[in-house]
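Listed here are the chains, written in short residue letters.
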Amino acid sequence: MARLSNNYQTEGKPPMKSTGVVRKIDELGRIVLPSELRRVFGIHEGDELEISVSGDQVILQKRQDLCTFCGAENPEIDYKDRRVCANCASELGKQVRLEVKLPDETTVGR
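Residues numbered from 1 in each chain as written. Predicted model: local features only at pLDDT ≥ 70, side-chain atom pairs only at ≥ 80, totals over all residues. Heavy atoms only, no water.

## A look at the overall build of the chain
The condition is simple: For helices the rule is a DSSP run of H or I covering at least 4 residues; for strands it is a run of E covering at least 2, with both sets numbered from the N terminus onward. Partly exposed residues are those whose accessible area sits between 20% and 50% of the maximum for their type, while under 20% is buried and over 50% is exposed, using a 1.4 Å probe and protein chains only. The contact rule is simple, with two residues in contact once any of their heavy atoms fall within 4.5 Å.
Assigned secondary structure in the chain consists of two helices and seven strands. Across the 110 residues that make up the chain, the buried fraction comes to 16%. Here the contacts in the chain between residues at least 6 apart in sequence split such that 25% fall between residues at least 24 apart.

## Description of the pattern of salt bridges
Note the cut-off: The salt bridge criterion pairs a side-chain nitrogen of Lys or Arg with a carboxyl oxygen of Asp or Glu, the two atoms within 4 Å.
Taken as a whole, this structure holds seven salt bridges when the rule is applied. Measuring nitrogen to oxygen at the nearest pair gives 2.6 Å for the salt bridge that ties R39 to E36. Separated by three residues within a single helix, R39 and E36 lie in helix α1 (residues 35–41), roughly one turn from each other. Accessibility expressed as a relative area gives 56% for R39, which makes it exposed.

## Examining the pairing of strand β2 (residues 49–54)
What counts here: Only strands that DSSP links by at least two bridges are regarded as paired with each other.
Judged from the six bridges that link them, β2 and strand β3 (residues 57–62) form a sheet pairing that is antiparallel. Counterpart to S52 in the pairing with β3 is I59. Linking β2 to β3, which pair antiparallel, is a turn of two residues; within it G55 sits at a positive phi near 60°.

## Observations concerning the state of the cysteines
Here, disulfide denotes a covalent bond that connects the sulfur atoms of two cysteines. Put simply, the test is: Put simply, a disulfide is two cysteine sulfurs that come within 2.5 Å.
All told, the structure shown has zero disulfides when counted by the stated rule. Between C85, a free cysteine, and C88, which holds the nearest cysteine sulfur, the sulfur-to-sulfur gap is 3.7 Å.

## Comments concerning a nonpolar patch on the surface
Inclusion rule: Residues enter patches when their relative accessible area tops 30% and they take part in no salt bridge; the joining distance is 9 Å for like charges and 5 Å for the nonpolar side chains Val, Leu, Ile, Met, Phe, Trp and Tyr. A 1.4 Å probe and the Shrake-Rupley method give the accessible areas. Residues count as covered only by the protein chains that appear here.
A cluster of nonpolar side chains, namely I51, V53 and V58, defines an oily patch on the protein surface of about 300 Å² accessible area. Tracing the backbone through its elements, the reader meets V53 in strand β2. Taking the relative accessible area as the measure of exposure, V53 reaches 65% and is therefore exposed.

## Some points on the environment of F69
For F69, the location among the structural elements is in the loop between β3 and β4 (77–79). For F69, a relative accessible area of 53% puts it in the exposed group. Taking the C-alpha atoms as reference points, F69 and C85, separated by 16 residues in sequence, lie 8.4 Å from one another. Contacts of F69, omitting those with residues within four sequence positions, involve V84, C88 and L92.

## Details of the confidence of the model for the chain
We count it as follows: Confidence of the predictor in every single residue is expressed as pLDDT, which spans 0 to 100.
When pLDDT is averaged along the chain, the result is 79; 74% of the residues meet or exceed 70. Confidence, read as mean pLDDT per element, is least for strand β6 (residues 99–101) in the chain (54) and greatest for β2 (92).

## Considerations on the environment of I59
Structurally, the position occupied by I59 is in strand β3. Note: C-alpha distance between I59 and L49 (10 residues apart in sequence) is 9.5 Å.

## Some thoughts on unusual backbone geometry
Here the phi dihedral of N74 falls at roughly 55°; this positive angle occurs in a residue that is not glycine. With respect to the secondary-structure elements, N74 resides in the loop between β3 and β4.

As structure tokens, this is what we get:
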């Protein structure tokens, strides 16, 4: 049985529910994750999934130790359940400080 998780710590959480979706493994050992699961778990093309085993279960977990924006390993900042490296956080801070010119020449800081 395969289980998909977006959180490394599962203790104290309700058991995973079956989606009722069955997929065959192709000749190269691949399976296709349904689009609904990819959407719910925020899995996009190119994302890395960690594969682990627990008893008779194969567990897929989206890697949580990568920066949401650039993919740098071990990002230092947690923001709204997302991991962000210091460089990306700095760039985001600069974006927030940008000023916007309105049509009447009034300047408003974001």
